[in-house]
Amino acid sequence: MLDQMLANGCFDLFTAEQDHPFGVKLLALCKEETRKSKDVQKLRSGVAVFCGMVQFPGDVRRKVLLQLCLLLCHPFPVIRKSTASQVYEMLLTYGDVLPDGVLEEVMAVLGATAWDAELPVVRAQRNRLCDLLGVPRPQLVPKPGTG
């Protein structure tokens with residue numbers, strides 16, 4: 001429902017201002033709701049909301065793009081594929097949020113990558129997208145007791 005409200009411009013008033021408190025709070029709530037979730041439907045809904053939130057300029061947009069990049073390497077292949085597909089569709093609508101000359105390459109990477117492949121393969125493509133989108137590459141955090 002929230003993703004549809006974002007898509008239909010219900011929050012356009014808040015997207016005019018960089019880092020509007022509404023966008024900041026919405027991002028924090030969505031991150032918390034999807035963090036460590038194993039509920040596929042909840043994660044898919046979260047991806048849809050993140051995609052709609054790309055309309056919010058400034059730091060919110062950068063953090064939303066980072067969240068989407070993180071989800072491109074989710075342990076569940078179905079979430080990776082769904083995220084790539086939703087990001088592709090989002091960029092068809094909001095491609096102007098990207099720097100000039102980047103959109104075409106981002107779309108090519110999203111469309112040509114087998115997002116259900118092994119994580120090391122997918123991670124390389126995700127890192128390429130991070131570079132193109134201007135967001136930091138996520139770092140693998142070793143699990144306690146493995147280092």
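If you check an unreviewed UniProt entry, the protein appears there as Tubulin-specific chaperone D-like isoform X2 from Vulpes vulpes.

S.K.: Just give me the short version of helix α7 (residues 103-112), but keep the residues and values in it.
M.R.: Within α7 the residues assigned to the buried category are Val-106, Met-107, Val-109 and Leu-110. Down the axis of α7, the sector holding all buried residues measures 160 degrees, keeping them to one side. Among the exposed residues of α7, those pointing more than 90 degrees away from its buried face are Glu-104, Gly-111 and Ala-112. Against α6 (77-94) and α8 (119-133) lie the buried residues of α7.

S.K.: Could you give an account of the state of the cysteines, with specific residues and numbers?
M.R.: Joining two cysteines, a disulfide is a covalent bond between their sulfur atoms. Taken as a whole, this structure holds zero disulfides when the rule is applied. Considering cysteine sulfurs only, Cys-130 is the nearest to Cys-69, which forms no disulfide, with 3.7 Å between them.

S.K.: I'd love a proper account of the UniProt feature "domain: Tubulin-folding cofactor D C-terminal" (unreviewed entry) in the protein, names of residues and values included.
M.R.: Within this structure's numbering, the places UniProt gives as "domain: Tubulin-folding cofactor D C-terminal" (unreviewed entry) are residues 1-42. Span residues 1-42 is 64% helix and 0% strand, its end C-alpha atoms 12 Å apart.

S.K.: Could you give an account of the layout of surface pockets, with specific residues and numbers?
M.R.: Of the pockets and cavities examined, the largest pocket occupies roughly 680 Å³. Forming the boundary of the largest pocket are 21 residues, of which Lys-36, Leu-70, Cys-73, His-74 and Pro-75 lie nearest the centre. Those elements that provide at least two residues to the lining of the largest pocket are α3 (21-34), α4 (40-52), α5 (59-71) and α8. For the lining of the largest pocket, a count of residues per class yields ten nonpolar, five polar and six charged. One number sums up the size of the second largest pocket: a volume of about 190 Å³. Elements that contribute at least two residues to the lining of the second largest pocket include exactly α1 (2-7), α4 and α6. The class makeup of the residues in the lining of the second largest pocket is five nonpolar, three polar and two charged.

S.K.: Describe the packing of aromatic side chains, listing the residues and the values that go with them.
M.R.: Under the criterion given, the structure shown has four aromatic pairs. Ring centres 6.4 Å apart and planes at 25 degrees place the aromatic pair Phe-11 and Phe-14 in the stacked group. Relative accessible area serves as the criterion here: at 23%, Phe-14 is assigned to the partly exposed category. An angle of 40 degrees between the planes, with centres 6.2 Å apart, marks the rings of Phe-22 and Phe-56 as tilted. Taken together, the residues span a long stretch of sequence, with Phe-22 in helix α3 and Phe-56 in the loop between α4 and α5 at a distance of 34 residues. For Phe-22, a relative accessible area of 25% corresponds to the partly exposed category. These aromatic residues form a ring-pair network of at least three members: Phe-11, Phe-14, Phe-22 and Phe-56.

Cut-off values and rules
- Residues numbered from 1 in each chain as written.
- Predicted model: local features only at pLDDT ≥ 70, side-chain atom pairs only at ≥ 80, totals over all residues.
- Heavy atoms only, no water.
- Buried < 20%, exposed > 50% of the residue type's maximum accessible area, 1.4 Å probe, protein only.
- Helix = DSSP H or I, 4+ residues; strand = E, 2+ residues; numbered from the N terminus.
- Arc of directions from axis to C-beta.
- Contact = heavy atoms within 4.5 Å.
- Disulfide = S-S within 2.5 Å.
- UniProt positions renumbered as here; feature names shortened; annotations may be inferred.
- 1 Å grid on protein atoms, 1.4 Å probe; cavity = no way out; pocket = protein on both sides within 12 Å on 5 of 7 lines; lining within 4 Å.
- Points joined across faces, edges and corners; volume = space filled by probe spheres on them.
- Nonpolar A, V, L, I, M, F, W, Y, C, P; charged D, E, K, R; others polar.
- Phe/Tyr/Trp six-rings, centres within 6.5 Å; stacked < 30°, edge-to-face > 60°.

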